[in-house]
Amino acid sequence: MSSRQTIPNEITPFNLVIFGGDGDLSKRKIIPALFHRFADKQIKVDFTIRCVSRSLSDEKAFKKTLKDFIELDLKENEDSAGIDHFLKRVGLLKIEKNNVPSYCELKEDLEKTEDYQNVYYFSVPSAAFSEICNTLKSSKLINAKSKVVLEKPLGNDLKSSIAINDIISAAFKEEQIFRIDHYLGKETVQNLMVLRFANHLFERAWNAENIEDIQITVAESLGVEKRAGYYDHTGALLDMMQNHLLQLLCLIAMEPPSSLNPDAVRNEKVKVLQSLRLFTKDTIKENVVRGQYTRGANGATKLNSYLEDIEQYNSETETFVAIKAHIDNWRWKNTPIYLRTGKRMKKRYSDIVINFKELPHSIFPESKYPLKNKLIIRLQPEERIELVQLSKIPGPGGYRFKPISLKLDFIDSFQDPMPGAYERLIIDVIRGNQTLFMRRDELEAAWIWIESLNKHWKKEIPLSLYESGSWGPGDQILDENIKWQTK
Ligand code: BG6
């Protein structure tokens, strides 16, 4: 789509086929998200959902499980009576690996609604994408109206990502490919565009001249839970940094796009990724920390170590990464960007902190505080924007002042519950709006930077252990102050 075309907005009838339809993501996120949009009457058109499973065949039992998951996610204004109505459109489809006859059955089935668009959602590990894509292609299940949704991480390095993208691109055009990153569907993440490009105040100061550093933190209190198999091959670098944190960085650091058109936005994001300073064997040492959680506690709850969680005692997989990055362009020259993420942190929170530079001259010689401002964009769990500014303490005693926060809590201004990330993204797929999805060149630029790290980091930096329920190795994550250490 050219950057001048209008953004598609129409929801037309669709068949959604979810590969990995019996998996966790499908049950917890994709299906409930579709239910919410259906209950809200945003989806008014006819549609079907087929959940593909390699092992399940009892549709009745499967639908009961889906109902339980939807009920768990039910919003205050939703009625559980609507769930059965919704589930009438959902079916279970058993397809064993690479089984061509089952794809032929799927084809016959989809041909009953041949004027609908067919959306194939690959909610399986990316190692299976090529085979599914090739079988869809050889079974003639792909036409000009079809779309494909690809879950992350796409590949496990640049080479495998290129190989998978080549196969997908031989079957689908780039306009039909939706590389999903659920962080881009979060309301507070979308608000970054509004905060920056609809407010005069911030954008004027948004550069190296005024900003000392930027800190992006995604702290999770949970451990790897039941995903040991997946996580131990992925680690925090590929699970979180390569996608979610880099996407946040793009939105914070990009130049204003000329419009909201998908390519106008993605052109600017790709430039940020291409300007990230690559690591070398030597620069990794002082700019990167990798850690793994050990036993610990959260309040009275005792927590296992990562090795106990995955039941393997020699794993060196990281559950924590902290990176000091640089963007080599005019806007961000010499502005460090701290990117941090970890599992089993003391508290779950994600935020972006913009630390402004100190004023060039102080007329308050007695001041205890440096004359600087801070903008805290809290993405979750509470959605809030906080501007820390210095204010005079009322009363006598001269110009005594302290930092206070001007807070905008979303909940006070917007009473309706925020829609979940998948709700927005799935509707965008059906509408054909790619603004919130990664383009191929964007993904490859992200891989190039990650590879500069991945190539050497295991050899160059020791794994730092940190206690479950702490703030990471050497308390890397602190709310108020960054203590930057690499040991
Ligand atoms: C997923 C990762 O993409 O994002 C998980 O695979 C992680 O490991 C999750 O827990 C975090 O998402 P959220 O929306 O809970 O911040």
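Rules and cut-offs
- Positions within a chain are numbered from 1, following the residues in the order the chain's sequence is written.
- Per-residue local features of the predicted model are confined to residues with pLDDT of at least 70, and side-chain atom pairs are confined, for both listing and counting, to 80 or more; whole-chain, interface and lining totals are unaffected and use all residues.
- The basis for every side-chain value is the complete set of non-hydrogen atoms in the structure, without hydrogens or water.
- We treat two strands as partners when DSSP finds at least two bridges between them.
- Each helix corresponds to a stretch of at least 4 residues labelled H or I by DSSP, and each strand to a stretch of at least 2 residues labelled E; elements are numbered beginning at the N terminus.
- Lines fitted to the C-alpha atoms define the axes, with helices restricted to the stretch that makes contact. Angles between their N-to-C directions range from 0 to 180 degrees.
- Here, two residues are considered to be in contact whenever any of their heavy atoms come within 4.5 Å of each other.
- In this analysis, rings of Phe, Tyr and Trp, with Trp reduced to its six-membered ring, are considered paired at centre separations within 6.5 Å, and the interplanar angle assigns stacked below 30 degrees, edge-to-face beyond 60, and tilted for intermediate values.
- Throughout, exposure labels follow a simple rule: accessible area from a 1.4 Å probe, protein chains only, divided by the maximum for the residue type, with under 20% read as buried, over 50% as exposed, and the rest as partly exposed.
- Here, over-ring charges are defined by two tests on the NZ atom of lysine or the CZ atom of arginine: distance to the ring centre within 6 Å, and angle to the ring normal within 35 degrees.

Peer 1: Teacher, can you tell me more about the sheet that holds strand 13 (residues 349-356) here?
Peer 2: Pairing between sheet strands relies on hydrogen bonds along the backbone, with the strands arranged either parallel or antiparallel. Read across the sheet, 9 strands follow the order 16-15-14-13-7-12-11-8-17 without closing on themselves; strand pairing throughout is mixed. For this open sheet the edge positions go to strand 16 (401-409) and strand 17 (464-467), each flanked by a neighbour on one side alone. For this sheet, the mean inter-axis angle between neighbouring strands, taken without regard to orientation, is 20°. Where strand 7 (residues 211-219) lies against strand 12 (residues 337-342), 6 bridges are found, and the strand directions are parallel. Each residue of the ladder has a partner; that of A219, found in strand 12, is G342. Sheet strands touched by helix 7 (residues 187-197): strand 13, strand 14 (374-380) and strand 15 (384-392). Its angle to strand 14, the strand with the most contacts, is close to 145°. Docked against the sheet, helix 9 (residues 228-253) engages strand 7, strand 11 (320-325), strand 12, strand 13 and strand 14, running at close to 140° with respect to strand 12.

Peer 1: What is the right way to read the packing of aromatic side chains from this model?
Peer 2: Geometrically, a pair of aromatic rings is defined through the distance of the ring centres and the angle of the planes. Evaluated as defined, the whole model comprises 18 aromatic pairs. Aromatic pair F202 and W206: ring centres 6.5 Å apart, planes at 70°, arrangement edge-to-face. The same class applies to F202 as to W206, namely buried. On the numbers, 5.6 Å between centres and 55° between planes, the contact of F364 with Y399 is tilted. Taken together, the positions of F364 in the loop between strand 13 and strand 14 and Y399 in the loop between strand 15 and strand 16 put the pair 35 residues apart, joining distant regions of the chain. Residue F364 is classed as partly exposed on the basis of its relative accessible area of 26%. In textbook terms, an aromatic cluster arises when at least three aromatic residues are bridged by ring pairs, as seen for F14, F35, F38, F47 and F86. For the cation-ring pair, K186 lies above Y183, with the distance from its terminal atom to the ring centre recorded as 4.6 Å. Directly above the aromatic system of W457 lies the positively charged group of R290, at a separation of 5.6 Å from the ring centroid.

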